[in-house]
Amino acid sequence: MSLYFITGASGVVGSAIVPQIIRQTDAEVLVMLRPKEDSSLEDRLSELKKFWRTHYPDTAEGIDARVRPVRGEITEPVLGLDESTQQLLRKQCTNIIHSAASVRMNMPLVEAEKTALYPVSCAIELGQTCSQLKKVEFISTVGVGGRWEGPLPERW
């Protein structure tokens with residue numbers, strides 16, 4: 001059985017990836033979430049499930065059965081994962097999809113490195129400790145401009 005670990009599952013890209021995994025595989029999926037200050041991890045997952053049921057109704061059963069949340073934070077070492085989650089991933093994780101990052105384009109460079117570069121290195125380092133790992137994928141929306149044709153100006 002495959003086990004996918006996904007960062008950024010509540011983002012625009014990550015939230016579209018999970019239903020595809022449910023449709024195309026029989027894998028279990030761990031989604032890393034950072035609960036809002038006034039909500040729990042389960043509340044956060046409930047919000048996502050509501051979104052998936054609305055936009056991907058054919059995956060609702062699989063999402064309920066195969067998607068589990070884990071608490072994490074991309075700016076912390078080992079993505080802020082607790083020791084039991086790290087151990088689970090080291091033993092069973094077959095695929096890591098890292099799609100979490102800040103999308104603010106006007107932050108100071110130090111902050112951008114902390115929210116973009118550092119988490120990538122943490123995901124790679126985590127992957128290097130996973131005994132069943134097949135693949136690490138990195139997805140970024142930086143520079144996405146829709147269906148823009150021609151040169152992309154510095155400012156829109």
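Everything here concerns the structure above.
Thresholds applied
Residues numbered from 1 in each chain as written. Predicted model: local features only at pLDDT ≥ 70, side-chain atom pairs only at ≥ 80, totals over all residues. Heavy atoms only, no water. Buried < 20%, exposed > 50% of the residue type's maximum accessible area, 1.4 Å probe, protein only. Helix = DSSP H or I, 4+ residues; strand = E, 2+ residues; numbered from the N terminus. Pairing = 2+ DSSP bridges. Right-handed = clockwise from strand over helix to strand, strands pointing away. Axes fitted to C-alpha atoms, helices over the stretch in contact; angles between N-to-C directions. Parallel < 35°, antiparallel > 145°, perpendicular 65-115°, else oblique. Left-handed = near helix turned anticlockwise from the far one by under 90°. Contact = heavy atoms within 4.5 Å. Nonpolar A, V, L, I, M, F, W, Y, C, P; charged D, E, K, R; others polar. Polar contact = N/O pair within 3.5 Å; in protein donor to acceptor, adjacent residues only side chain to side chain. Patch = residues over 30% accessible without salt bridge, like charges linked within 9 Å, V, L, I, M, F, W, Y side chains within 5 Å. Areas by Shrake-Rupley, 256 points an atom, 1.4 Å probe, with all protein chains shown as cover. Salt bridge = Lys/Arg side-chain N within 4 Å of Asp/Glu carboxyl O. Lys, Arg positive; Asp, Glu negative; His and termini not counted. Charge placed at Lys NZ, Arg CZ, Asp CG, Glu CD. Phe/Tyr/Trp six-rings, centres within 6.5 Å; stacked < 30°, edge-to-face > 60°.

S.K.: I would appreciate a short explanation of the pairing of strand E1 (residues 3-7) in the present structure.
M.R.: On any regular strand, side chains alternate: one points to one face of the sheet, the next to the other face. Buried residues dominate E1, accounting for five of its five residues. Taking every second residue as pointing to the same face, both faces of E1 are buried, with Leu3, Phe5 and Thr7 on one and Tyr4 and Ile6 on the other. In this structure, E1 lies alongside strand E2 (residues 28-33), joined through four bridges in parallel fashion. Counterpart to Phe5 in the pairing with E2 is Leu30. The parallel pair E1 and E2, bridged by helix H1 (residues 14-24), forms a crossover whose chirality is right-handed. In this sheet, strand E4 (residues 95-98) lies alongside E1 in parallel orientation, the contact comprising four bridges. Paired with Ile6 across the two strands is Ile97, which belongs to E4.

S.K.: Just checking my understanding: could you explain unusual backbone geometry for this structure?
M.R.: Backbone phi values are negative for most residues with the exception of glycine, while trans is the configuration of most peptide bonds. You will see that Val78, though not glycine, has its phi angle at about 50 degrees, which is positive. As for its placement among the helices and strands, Val78 is situated in the loop between strand E3 (67-71) and helix H4 (83-92). We classify Val78 as partly exposed; its relative accessible area is 29%. A positive phi angle is found at Leu79, which is not glycine, with a value near 60 degrees. Mapped onto the elements of the fold, Leu79 is located in the loop between E3 and H4. The exposure class assigned to Leu79 is buried, which follows from its relative accessible area of 0%.

S.K.: Explanation requested: the packing of H1 against helix H2 (residues 41-55) in the structure shown.
M.R.: To characterise two packed helices, one gives the angle between the axes of the helices and the distance between these axes. One way to put it is that H1 packs onto H2 with a least axis distance of 11 Å and a crossing angle of 65 degrees. Here H2 runs roughly perpendicular to H1, going by the angle between their axes. The chirality of how H1 crosses H2 is right-handed. From H1, Ser15, Val18 and Pro19 reach across to H2, where they touch Leu48, Phe51 and Trp52. For the contact of H1 with H2, the class distribution of residues is five nonpolar, one polar and no charged.

S.K.: What is the right way to look at the side chain of Ser15 in this model?
M.R.: You can see Ser15 is positioned in helix H1. Within the local environment of Ser15, its side chain forms a polar contact with the backbone oxygen of Gly11, the two atoms lying 2.7 Å apart. Here Ser15 is in contact with Gly8, Ala9, Leu48, Phe51, Trp52 and Tyr56, once residues within four sequence places are set aside.

S.K.: Honestly, a negative patch on the surface in this entry has me stumped. Any pointers?
M.R.: A cluster of acidic side chains, namely Glu37, Asp38, Glu42 and Asp43, defines a negative patch on the protein surface. Inspection of the secondary structure puts Asp38 in the loop between E2 and H2. By relative accessible area, which is 71% here, Asp38 ends up exposed.

S.K.: What exactly am I supposed to notice about the packing of aromatic side chains here?
M.R.: Each aromatic ring pair is summarised here by two numbers: the centre-to-centre distance and the angle between the ring planes. Within the structure shown, the criterion is met by one aromatic pair. Where Phe51 meets Tyr56, the ring centres are 6.3 Å apart and the plane angle is 65 degrees; that geometry is what we call edge-to-face.

S.K.: Got a minute to help me understand the side chain of Glu73 in this structure?
M.R.: Residue position: Glu73 is located in the loop between E3 and H4. You can call Glu73 buried: its relative accessible area is 14%. A distance of 3.3 Å separates polar atoms of two side chains, one belonging to Glu73 and the other to Arg34. Among the polar contacts made by the side chain of Glu73, one reaches the side chain of Thr75 at a distance of 2.9 Å. What Glu73 contacts, discounting residues up to four positions off in sequence, is Met32, Arg34, Leu79 and Gly80.

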